[in-house]
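The chain contents come next:
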Amino acid sequence: MREALKFYIGGEWVDPAQSGTFDVVNPATEEVAGKVAAGSAADVDRAVAAAKAAFPGWSATTSEERIALLENILDIYQKRIPDLAAALTEEIGAPAALAGGFQMGLGAGHLTTAIEALKTFEFEEVRGPSLIARVPIGVCGLITPWNWPVNQILVKLIPALATGCTTVLKPSENSPFTAQILAEILDAAGVPAGVFNLVQGDGLGVGVPLSVHPDVAMISFTGSTRAGIEIARNAAPTVKRVTQELGGKGPNIVLDDDAFAENVGKGVAGVMLNSGQTCSAATRMLVPASRMDEAVAIARAAAEATTVGDPTTDVAIGPVVSGAQFDKIQALIQKGIDEGATLVAGGTGRPDGLAKGFYVRPTVFANVDNDMTIAREEIFGPVLTILGYTDVDNAVEIANDSEYGLGGAVAGADLDQARAVARRLQVGWVVINDGFDFGAPFGGVKKSGNGREWGPLAFDEYLETKAIVGYQ
């Protein structure tokens, strides 16, 4: 039984202002895995005050000093990967191989990328008679989700620290243990008191007070579009900067060529990763209508080969994070059936042999119309929809017919054609043939949010531009 009953504020582990706690449920067993203190506005006030007091000193540090700190963090992070991975499996049900592999590799990759970027990042330049300075924005409130918890914390925290900002983190109440271990890592690495602060709790108790706080200069939020809208409203009276990475319903255009079969199979695997709980997952697969039957056969085989079960064993996917998430996914799968989509694999209910735990059957729908609910709404589970297109122009039209614009994909043997299609997609992040780049900016357009994370362009979100005219 894990317990996280103190907050990290001002460089110390402190008792919360109130005595409330909440349970963390292991989604694989449906049993309580631990207890976490529930924060309040008083805790937020204390954490923001610590961050505000630390800002003058931290913002005045040099790039070299901040690089040294980030290198210390990376070193200790790598030593604590087994602890982080075990906590992650317990709190969100990620299979051990994924938790200790890709989930942890993302954190190390972002730290390494930021360190290298900071070595050459220019915070000042002279233009004519003026000095254009890029200065840290101030105290940053970081509100993070549960699905890739280490990744989502570090893609906000690292650029904030690298640019001289101070921070208050509110992680998801579904994944508090990884955040607690990250706080231990930062403390051991020598982060100065007040530069990083952690307050656990839910959106109403901690997220809202952080969003409205007058001494918070910026909120960086990742989560649902609905919650992002509310955060923007709460932040508006104080005119603070708000950056958001929100929901998605990504298209994956599979081109008509000799790589078709392979790319359909890869597309199914990509959606199933992390039990489908990835905001940028390409959950709308677009295939030539003339090859729909072929796509169906490949997708069915891939889905049925996806092993589901106890995340401490060798399986492809574990449970989804909570009973509420399970119920939402089940309702949307049923909606797809009711609206007339062809159920190719999976369906409602748990997989055979799993009577307990929030396990979802790997599900594929085909012959989906883009107006169906399962093509419009983010399901956030291991559910793929396959839509047919007549030609590439029609594929692009269908792909862009969405209120979301986070991630997208193009898969094809002809790289020039794939590049041309990728340019036309109205999303912030497009992957061609399984490409990957820690240095590329990640973020969305339309109702998928604003601002960018990952790589050196993430630094810009935490900086203000200051012109000193007559400098020369």
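Along each chain, the written sequence defines residue order, and numbers are assigned to residues from 1. In view of the model being predicted, local features appear only for residues whose pLDDT reaches at least 70, and side-chain atom pairs are presented and counted only at 80 or more, with totals across whole chains, interfaces and linings using the full set of residues. As a convention, hydrogens and water are excluded, and side-chain values are obtained from all of the structure's heavy atoms.

Participant: Can you walk me through the pattern of salt bridges in this structure?
Facilitator: As a working rule, side chains carrying opposite charge can pair if their charged atoms are close by. When a carboxyl oxygen of Asp or Glu is within 4 Å of a side-chain nitrogen of Lys or Arg, the pair counts as a salt bridge. Per the stated rule, a full pass over the model turns up 24 salt bridges. Between Asp256 and Arg291 there is a salt bridge, with the nearest N and O atoms lying 2.7 Å from each other. Of this pair, Asp256 sits in the loop between β13 (251-254) and α9 (260-272) while Arg291 sits in the loop between β14 (284-288) and α10 (292-304), and the two are 35 residues apart along the sequence. Classification of residues uses two cut-offs on accessible area relative to the type maximum, computed with a 1.4 Å probe and protein chains only: under 20% is buried, over 50% is exposed, and between them is partly exposed. Of the residues examined, Arg291 reaches a relative accessible area of 19% and is grouped as buried. Where Glu294 meets Arg291, a salt bridge forms, and the shortest distance between an N and an O atom there is 3.0 Å. One salt-bridge network, held together by shared partners, links Arg80, Asp83 and Glu184. Think of it this way: any DSSP run of H or I at least four residues long counts as a helix, any run of E at least two long counts as a strand, and we number them from the N terminus.

Participant: Help me understand the sheet that holds strand β6 (residues 124-127) in this model?
Facilitator: The strands that make up a sheet are held in pairs by hydrogen bonds between backbone atoms, and each pair lies either parallel or antiparallel. Spatial ordering of the open sheet is given by β6-β7-β21, a layout of three strands whose pairing is antiparallel. Edge positions in the sheet fall to β6 and β21 (463-469), since each has one partner strand and no second. Pairwise comparison of adjacent strand axes, ignoring direction, gives a mean angle of 25° for this sheet. A strand pair is defined by DSSP finding two or more bridges across the two strands. Where strand β7 (residues 130-136) and β21 come together, seven bridges link them in antiparallel fashion. Looking across to β21, one finds that Ser130 is bridged to Val469. Simply put, an axis is a line fit to the C-alpha atoms, just over the touching stretch for a helix, and the angle between two N-to-C directions goes from 0 to 180 degrees.

Participant: Help me understand the packing of aromatic side chains in this model?
Facilitator: One pair of aromatic rings is described through two measures. These are the centre distance and the angle between the planes. Ring pairs shown here join Phe, Tyr and Trp side chains whose ring centres sit within 6.5 Å, with only the six-membered ring taken for Trp; geometry is labelled stacked below 30 degrees between planes, edge-to-face above 60, and tilted in between. The full count for this structure, using the stated rule, is 13 aromatic pairs. Ring geometry for Phe102 and Trp148: centres 5.7 Å apart, planes at 85°, overall edge-to-face. In this pair, Phe102 sits in helix α4 (residues 96-120) while Trp148 sits in the loop between β8 (139-143) and α5 (149-162), placing the two residues 46 residues apart along the sequence. Relative to Phe380, the ring of Trp146 lies with its centre 5.6 Å away and its plane at 80°, an arrangement referred to as edge-to-face. Note that Trp146 is positioned in the loop between β8 and α5 and Phe380 in the loop between α12 (373-376) and β17 (383-389), a separation of 234 residues in sequence. Both residues of the pair, Trp146 and Phe380, belong to the buried class. Through a chain of ring-to-ring contacts, three or more aromatic side chains come together here, namely Phe102, Trp148, Trp429, Phe436, Phe438, Phe442 and Trp454. Over the ring of Phe177 we find Arg2; its NZ or CZ atom is 5.8 Å from the centre of that ring. Both a distance and an angle decide whether a charge sits over a ring: NZ of Lys or CZ of Arg must be within 6 Å of the ring centre and within 35 degrees of the ring normal. Over the face of the ring belonging to Phe123 we find Arg66, whose NZ or CZ atom lies 5.5 Å from the ring centre.

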